[in-house]
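# Coordinates in review
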Amino acid sequence: MKQLLVSPSPHVHGEANTRKLMRDVVIALLPAVAVSIYFFGFSAIKMLVVALVSCLLVEWLIQKFLLKGECTICDWSATVTAVLLMLNLPPAAPWWIMVIGAVVAIGIAKMTFGGLGQNLFNPALVGRVFLLVSFPVIMTTWTTPEGWFGASVDAVSGATPLAFVKEALKNGATVQEIFEANPGLSWSQLLFARVGSAGEISAIALLIGFVYLLARKVIRPHITLSIWISVFVFAGILWLANPARFVDPVFQLLTGGMLLGSIFMATDYVTSPMTPKGQIIFGCGIGILTVLIRTFGAYPEGISFAILIMNAVVPLINMYVKPKRFGRK
Amino acid sequence: MKTFSIGGVHPADNKISADAAIEQFPVPEVAYISMSQHLGAPAEPIVAAGDKVKVGQLIANPAGFISAPVHSSVSGTVKGIETIKDLAGNFCKAVVIEVEGDEWVETIDRSAEVVSEIKLEPKAIVDKIKEMGIVGLGGATFPTGVKLSPPPGKKAEFLIINGAECEPYLTSDYRLLVECPEQVLIGAAIMMKALGVTKGFVGVEENKPKAIEILKGFHSKYPQIEIVTLKKKYPQGGEKQLIDAVVGRQVPSMGLPIDTGAVVQNVGTAFAVYEAVQKNKPLFEGIMTVTGQCAAQQKNYRHRVGTPLSKIMEVSGGIPENAAKIISGGPMMGKAINNIDAPTLKGTSSILYLTEEQTKRKPESNCIRCAKCVAACPMGLEPFLLNKLAKAKRWDDAEANKIYDCIECGCCSFTCPAYIPLLDNIRLGKATVMKIMKSRPKK
């Protein structure tokens, strides 16, 4: 007699699964990786390999010997963290920095909470911020992408546009003077290549990844767009109030980790809210905090801190912001 | 193009039996006519072993207000009243009839002529529908006569005929719309008369262009019935979703469709109403699809109620070697068949064969909080949360998060990338919460 399966409905399943989603995120990051290899060559490849090996190894070891669970390194989530970590670090940083970052990101920020899906904070960001606070010099020594970012920045070689502008503003220069003296800060330059971490150098590459994620329905646009809009509006208000003192909103959007953070880190499933409305609140919080930190804080870049702070608010948002229920019309 | 406003998923269509015309399935040698073919109390048999019955003869009376009579689908001798197992493996009472010939009661009009003139008055129509044992054929098998009698204080404004057939694979409603469009429209007109409404809609999904074209061709003859083309999205055929899609009104939480002024009836039901009122034919036949990529043949059958499923499987080419699960109904909300010898019922809509690769559940992994279940839920619930609350038996919190609004459409489980059986847990939680809510003293 033939044995039949019997189970409750539904009897079929959709296309999506965790591995495919995570793999899609990695694919979306490839243009940025390619650009960073193009500009930084061997040092970028070296950092990528170190990041991959150390992230996967840390996850495998913890899963096997501490949590004693099934091997999870094939779900691509550790790969996502590794690539993000690589894109978040200066390409010329020593390799052992990456190993420490991986141990903190995977070991502390992810596995301590029980692995994928359980962590409160974005692992790659925790890794980055840990390194930034522990090794401030290494983490802010940037290499100039070769041949693209003209000679005009020779004097400030090693500073990102954000840090450079912030420093200049502190020294009393007005925004207009800084931009006139540095054509390398023009929008067209910012779109293609600029000084920064491996993942910050090309806005176009990151935007291609964003379009891919949307097209594959991996993420919805709510978080990213609400970050951009809130940054644009808030920075715009400051800029209109005093254009000599505050940089324009487009500069804010194209510089630093804004695109990498808003497209790939803030949209991390695990650490972002569950409802569209909650995601918009989350995104606006990140946008406003980022501009606040960049403009008034001690660091030139603030999106990492902004995302981590808002990560901590997510459980609260999930508790109070409910989806639009059916039957309320 | 219209559709419902919240959530939904897009399972592969797989309407591979769409071009198979409806065939009459042979009368079985023995018919097992279940007394539990409708929502509500099982019918009470009025025949005994040894009685001779004809096709269409009343063999069981309704047992209560929400119940329906049952008529014989065959002619022959009653062997007895037995306890049998239905397709899900539950026990039910059935009248077993040894078939001899095929002799119909004389009052049934068996001519092919389409009768469009509606002679009966509203009250008489409802009585006729109740007398003929018509039940909703969209899945829930709720007695149609009851649905056509709105409770005091509630007034119907329009009738919506559900031709969405949003479940993958199923094609029985489609075949009816293509082969008997006018009968379906007359059935709708009859129910509109019974309800005293002047506006009717037939909602059909865009993936059935032929049916839409044919129905629109009848516009001049039935101008009061509007054909609404709907965007393809599951669960469009859910009663609440269909009302939202067609007229843009939402049934309130814990409310009834009639609260929006809508009465929804399935295409199959409209056809059955036509046959009952215009042709005096009780509901003892149904239209069902036999399908699946692995099925030997793609079929749409008109079957006599009480025909063993195994007989239908045998005639249509046998159970495929690689079929791992057989489903009665669609793949999203249908029931897995546990007993292939169970008889067909009024509401049996399909035999669907799925292979292990198509249907076997994959091992569940951690929730990655992707919120795809929240986006997919057509009721605006948070399946991930309800799943967690139900597993933790936190019934108060589950109630506060409206677990009782769940329509069990399966979008959440379908979409979950971690293969978490969300609906399994939510279904259990919902049942428990509903029980608790019912046990509370009424204010």
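Residues numbered from 1 in each chain as written. Chains lettered and ligands numbered in written order. Predicted model: local features only at pLDDT ≥ 70, side-chain atom pairs only at ≥ 80, totals over all residues.

## Points about the overall build of chain A
The helix and strand inventory of chain A stands at 15 helices and zero strands. Sequence-distant contacts in chain A: of pairs separated by 6 or more residues, those separated by 24 or more amount to 74%. (Helix = DSSP H or I, 4+ residues; strand = E, 2+ residues; numbered from the N terminus. Contact = placed C-beta atoms within 7 Å.)

## So, the interface of chain A and chain B
With 31 residues of chain A in contact, the opposing surface of chain B contributes 53 residues. Here the side of chain A that touches chain B is built from residues that sort into 14 nonpolar, 12 polar and five charged. (Nonpolar A, V, L, I, M, F, W, Y, C, P; charged D, E, K, R; others polar.)

## Some thoughts on the pairing of strand β11 (residues 225-230) of chain B
Residues and elements named next belong to chain B. Two strands pair when backbone bridges link them, and strand β10 (residues 199-205) and β11 are joined in this way by six bridges, in the parallel orientation. The partner of G200 across the bridge, within β11, is I225. Since β10 and β11 lie parallel, the crossover through helix α5 (residues 209-216) that links them has a hand, and here it is right-handed. (Pairing = 2+ DSSP bridges. Right-handed = clockwise from strand over helix to strand, strands pointing away.)

## Describing the packing of helix α1 (residues 18-40) of chain A against helix α10 (residues 203-215) of chain A
A pair of packed helices is characterised by two quantities: the angle between their axes and the separation of those axes. Residues and elements named next belong to chain A. Look at α1 against α10: their axes get within 8 Å of each other, and the N-to-C directions meet at 165 degrees. On the basis of their axis angle, the class for α1 and α10 is roughly antiparallel. Considering how the two elements wind past one another, α1 and α10 form a crossing that is right-handed. In contact with D24, I27, A28, L29, P31, A32 and V35 of α1, α10 contributes A205, L206, I208, G209, Y212 and L213. Residues that form the contact of α1 with α10 fall into these classes: 11 nonpolar, one polar and one charged. (Axes fitted to C-alpha atoms, helices over the stretch in contact; angles between N-to-C directions. Parallel < 35°, antiparallel > 145°, perpendicular 65-115°, else oblique. Left-handed = near helix turned anticlockwise from the far one by under 90°.)

## Brief notes about unusual backbone geometry
Here the bond from S9(A) into P10(A) is cis, since omega is -5 degrees, no more than 30 degrees from zero. You can see P10(A) is positioned in the segment before α1. Cis peptide bonds are those with omega within 30 degrees of zero, and the linkage from Y234(B) to P235(B) qualifies with 0 degrees. In this fold, P235(B) is placed in the loop between β11 and α6 (239-247). The backbone of K217(A) sits at a positive phi, close to 55 degrees, despite the residue not being glycine. Mapping K217(A) onto the fold places it in the loop between α10 and α11 (222-241). Even without being a glycine, K402(B) presents a positive backbone phi close to 65 degrees.

## Section: the domain arrangement of chain B
Residues and elements named next belong to chain B. Each assigned domain of chain B is listed with its residue range as follows: domain 1 (1-25 + 109-360) and domain 2 (372-439). Between domain 1 and domain 2, the C-alpha centre-to-centre distance is 27 Å. Each partner contributes to the interface: domain 1 provides 15 residues, whereas domain 2 provides 15 residues. (Domains from an automatic or database assignment.)

## Section: the sheet that holds β10(B)
All names here are of chain B. Ordered by their spatial adjacency, four strands build an open sheet running β11-β10-β9-β12, and the pairing between neighbours is parallel. Because the sheet does not close on itself, it has two edges, and the strands there are β11 and β12 (262-266). Neighbouring strand axes in the sheet, compared pairwise and without regard to direction, differ in orientation by 25 degrees on average. The pairing of strand β9 (residues 158-163) with β12 spans five bridges and is classified as parallel. Paired with L159 across the strands is V263, a residue of β12.

## Considering the sheet that holds strand β14 (residues 299-304) of chain B
Residues and elements named next belong to chain B. Pairing is mixed across the open sheet formed by six strands, whose spatial order is β1-β14-β13-β17-β15-β16. Only two strands of the sheet have a single partner each, and these edge strands are β1 (22-24) and β16 (335-336). Inspection of the sheet shows β1 paired to β14 by three bridges, in the parallel sense. The residue of β14 that forms the bridge with Q24 is R302.

## Here's the deal with the environment of G318(B)
Residue and element names in this part refer to chain B. Of note, G318 is situated in the loop between α8 (309-315) and β15 (323-328). The spacing of G318 and Q297 is 21 residues in sequence and 9.0 Å in space, taken between C-alpha atoms. Ignoring anything within four residues of it in the chain, the contact list for G318 reads A296 and M313.

## Topic: the domain arrangement of chain A
All names here are of chain A. Domain annotation of chain A identifies domain 1 (18-139) and domain 2 (163-194 + 219-320). Each of domain 1 and domain 2 has a C-alpha centre, and the two are 23 Å apart. Among the elements of the structure, α1, α3 (77-88) and α5 (123-134) are those that each provide at least two residues to the side of domain 1 that touches domain 2. Among the elements that make up the side of domain 1 that touches domain 2, the one with the highest residue count is α5 (four residues). Here the residues of the side of domain 1 that touches domain 2 sort into nine nonpolar, three polar and one charged.

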